[in-house]
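# Examination of the molecular architecture
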Amino acid sequence: MSEKIIDHKMIINGDYVNSVSNQKIGIECPANKQLFATVPRGIKEDVDIAVKSSLIAFQSWSKVNPKERGKILLDIANDIDDQKEEIAKIIAKETGNAIRTQARPEINLVVDIFRYFGGLSSELKGETIPLGEHVLSYTRREPLGVVGAIIPWNAPVMLAACKIAPSLCTGNTLVMKAAEDAPLAVLKVAEICQKHIPPGVFNLITGTGSECGEPLAYHPDISKLSFTGSTAVGKLIMRAAAERVLPVSLELGGKSPSIVYPDVNEDWTVDGIIGAMRFTRQSQSCTAGSRLFLHKRIFDSFIEQLANKLDKLIIGDPLDDKTDMGTIINNKQYTKVCDYIKDGLDNKETEIICGGLPPKEGPLSEGYFTIPTIFRNKSNEWRLAKEEIFGPVLVAIPWEDENEVIKMANQSHYGLAAYVWTRDITRGINAAHAIESGWVQVNQGLGQVPGHSYGGYKQSGLGREFSLEGMLDSFTQRKNISINLNTPAKEL
Ligand code: NAP
């Protein structure tokens, strides 16, 4: 029997509404390809209503005492914390990300993000500038106005929280467009937020990129654009921002290198590589270490251990606690990943180490399941080594010369993350300094932690968002006020 389809609304001005278009988007569970929910298919008119309400709300929200705004974020964090298992289940169902390895850690991080920014409200400080005894010159950190935020589906609630919490902390109001494929857990968090904030302070709209995202990016009353997604769409957002000279933050794609030196403990480092490649999120992560540069001396033994461990990952129902690895988000991404695998299989210079095309029969064929795949190739110039696949396809490249491997690591128009694995910390630090990426980790492959200024070099992005500095730079504007104290008294 097919499941009951739940009809959701979007949130504008504190109200739960349908789109003016009255159209809906169906939400499919990628693990079984069944439709289980609908959301409104927002259009330009909905964007307009949402932005207007956020513009009105800005007048009072921007004047709320920062301490009070911080307390509100802490209260939201507590409420999310109380409902985190329910939200984790929604994430697992709509994204296909496994509940134990991905969805629960994601919602725990969301609670941390709200708590982190809740504690920063007293840090919206300005400076005094020493211009002499007779001038008082100081700066204020002021909010920008209505933030237009657009997010993708791969870690939807975490990426939403990275924009909601700093926007609200700094006194901005916010209109966010959720990803078409994964709007439900973000809607749940937005619903929780509504209980704590006045109407219009945070509006969440649902719809497609072209019908809903684009009108938001071009809306004349938006004062700042904050976008997370692909580099291709990021360029469109930057163009929209350029029209009105708006500040813009872009968190974009990546093709991150992992460099393994021959002195590592192989068994331990293999686990690190699996983590860095985000195999348990089907590698649908912007920071996935998807180019593995393995020293020639350890190549064969390391790759064998890696393939053995990947083979033991349990792929299956995202809602089952036993599952390590869930599904790709949708048919479009699944087809794209399979095309890359076919390309690898057809390439004469390439050796397949493990994985391959997904099974056509059995339980895994019922959803968009793929299997961890590794190709060995000498070249860094090959399509699979250059393009962001956003699926569990790792390219392993042997290296011998340190300068050469750093050069290869930097031969990319991306520069989001990088991983260096060595027991020689001097080597590790030198490599970290030489790599052109916004975030380099040495001997760890973890995800982001609130407080670290996260963002990309090159075409991986612009601006930083995850930290105090990121919040101040990306969500406030600095006003300088200079007062001449040397004014003569009025003659009576
Ligand atoms: P995407 O296609 O760029 O979409 C991202 C968001 O933009 C979605 O909400 C999408 O709407 C919307 N959009 C699409 N076209 C638009 C347009 N013309 N105007 C305005 N909005 C538009 O990216 P994705 O496939 O969802 O996500 C994967 C990408 O995100 C990867 O490249 C990944 O590396 C990147 N990413 C980066 C970070 C980071 O922090 N650097 C984090 C996560 C993901 P729809 O939902 O309707 O498509």
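Rules used throughout
Residues numbered from 1 in each chain as written. Predicted model: local features only at pLDDT ≥ 70, side-chain atom pairs only at ≥ 80, totals over all residues. Heavy atoms only, no water. Phe/Tyr/Trp six-rings, centres within 6.5 Å; stacked < 30°, edge-to-face > 60°. Buried < 20%, exposed > 50% of the residue type's maximum accessible area, 1.4 Å probe, protein only. Helix = DSSP H or I, 4+ residues; strand = E, 2+ residues; numbered from the N terminus. Expected span 1.5 Å × (residues − 1). Arc of directions from axis to C-beta. Domains from an automatic or database assignment. Contact = heavy atoms within 4.5 Å. Buried area = accessible area lost by both parts, 1.4 Å probe. Salt bridge = Lys/Arg side-chain N within 4 Å of Asp/Glu carboxyl O. Polar contact = N/O pair within 3.5 Å; in protein donor to acceptor, adjacent residues only side chain to side chain. Nonpolar A, V, L, I, M, F, W, Y, C, P; charged D, E, K, R; others polar. Pairing = 2+ DSSP bridges. Lys, Arg positive; Asp, Glu negative; His and termini not counted. Near = heavy atom within 4 Å. Areas by Shrake-Rupley, 256 points an atom, 1.4 Å probe, with all protein chains shown as cover. 1 Å grid on protein atoms, 1.4 Å probe; cavity = no way out; pocket = protein on both sides within 12 Å on 5 of 7 lines; lining within 4 Å. Sits in = over half its atoms within 2 Å of the grid points. Points joined across faces, edges and corners; volume = space filled by probe spheres on them.

Per the counting criterion, the structure on display carries eight aromatic pairs. When the ring of Phe375 is compared with that of Trp382, the centres are 6.1 Å apart and the planes differ by 90°; the resulting orientation is edge-to-face. Grouping residues by exposure puts Phe375 and Trp382 together as buried. Look at Trp439 and Tyr454: their rings are 6.0 Å apart centre to centre, the planes differ by 85°, and that puts the pair in the edge-to-face class.

So, about helix H1 (residues 44-61). Under the 1.5 Å per step criterion, the end-to-end length of H1 is 25 Å for 18 residues, consistent within 8% with the ideal 26 Å. Every buried residue of H1 is listed here: Asp46, Val47, Ala50, Val51, Ser53, Ser54, Ala57, Phe58 and Trp61. Each buried residue of H1 lies within a common arc of 165° when the element is viewed along its axis, so the set occupies one face. Residues Lys44 and Ile56 are exposed on H1 and point more than 90 degrees away from its buried face.

On to the domain arrangement of the protein chain. Considered domain by domain, the protein chain is made up of domain 1 (6-252 + 456-479) and domain 2 (257-442). On a C-alpha basis, the centres of domain 1 and domain 2 stand 30 Å from each other. Taken together, the contact pairs 30 residues of domain 1 with 35 residues of domain 2. Across the domain 1/domain 2 interface, buried area totals approximately 2700 Å², and carbon plus sulfur atoms make up 52% of it. Linking domain 1 to domain 2 there are three salt bridges. Among the salt bridges present, the one from Arg100 reaches Asp324, with a minimum N-O distance of 2.6 Å. Between the two partners, domain 1 and domain 2, sit 22 residue pairs in polar contact (both at pLDDT 80 or more). Of all the secondary structure elements, the ones that give two or more residues to the side of domain 1 that touches domain 2 are helix H3 (84-95), helix H4 (99-118) and strand E21 (457-458). Grouping the constituent residues of the side of domain 1 that touches domain 2 by class yields nine nonpolar, 11 polar and 10 charged.

Overall, the coordinates contain 28 salt bridges when judged by the stated rule. Close ionic contact of Glu381 with Lys386 constitutes a salt bridge, the shortest N to O distance being 3.7 Å. Look at Glu381 and you get partly exposed, because its relative accessible area is 48%. Residue Lys386 is classed as partly exposed on the basis of its relative accessible area of 39%.

A word on the sheet that holds strand E7 (residues 135-143). The three strands lie next to each other as E6-E7-E23, forming an open sheet whose pairing is antiparallel. Each having just a single partner strand, strand E6 (128-129) and strand E23 (476-484) make up the two edges of the open sheet. Summarising the sheet, E7 and E23 pair through nine bridges and their orientation is antiparallel. Residue Pro143 lies in a different strand from E23, and its bridge partner there is Thr476.

The next subject is the side chain of Arg69. The topology assignment puts Arg69 in helix H2 (residues 66-82). No salt bridge is formed by the buried Arg69; its nearest oppositely charged neighbour, Glu68, is found at 9.8 Å. Sequence-distant contacts of Arg69, that is, excluding residues within four places in its chain, are made with Trp61, Ser62, Val64, Leu124, Leu168, Cys169, Thr170 and Gly171.

A few words on the site of the ligand. Taken together, the neighbourhood of the ligand is formed by 29 residues, with Ile151, Glu180, Ser230, Leu252 and Glu388 sitting nearest. Here Trp153 contributes a side-chain N or O atom positioned 3.0 Å from an oxygen atom of the ligand. In the environment of the ligand, an oxygen atom lies 2.4 Å from a nitrogen or oxygen atom belonging to the side chain of Glu180. Surface burial for the ligand is 88%, taken as the share of its 900 Å² of free accessible area covered by protein chains. When atom positions are compared with the pocket grids, the ligand is found to occupy the largest pocket. Listed by contribution, the elements that provide at least two residues to the shell around the ligand are helix H7 (209-217), strand E11 (224-228) and helix H8 (231-243). Of the residues that make up the shell around the ligand, three or more belong to each of domain 1 (6-252 + 456-479) and domain 2 (257-442).

On to empty space enclosed by the protein, then. One pass over the full model with this rule turns up three cavities of 30 Å³ or more. Empty space within the largest cavity amounts to approximately 80 Å³. Lining the largest cavity are 13 residues, and of these Ala288, Ser290, Glu388, Ile389 and Phe390 lie nearest its centre. Of the residues that constitute the lining of the largest cavity, the class distribution is six nonpolar, five polar and two charged.

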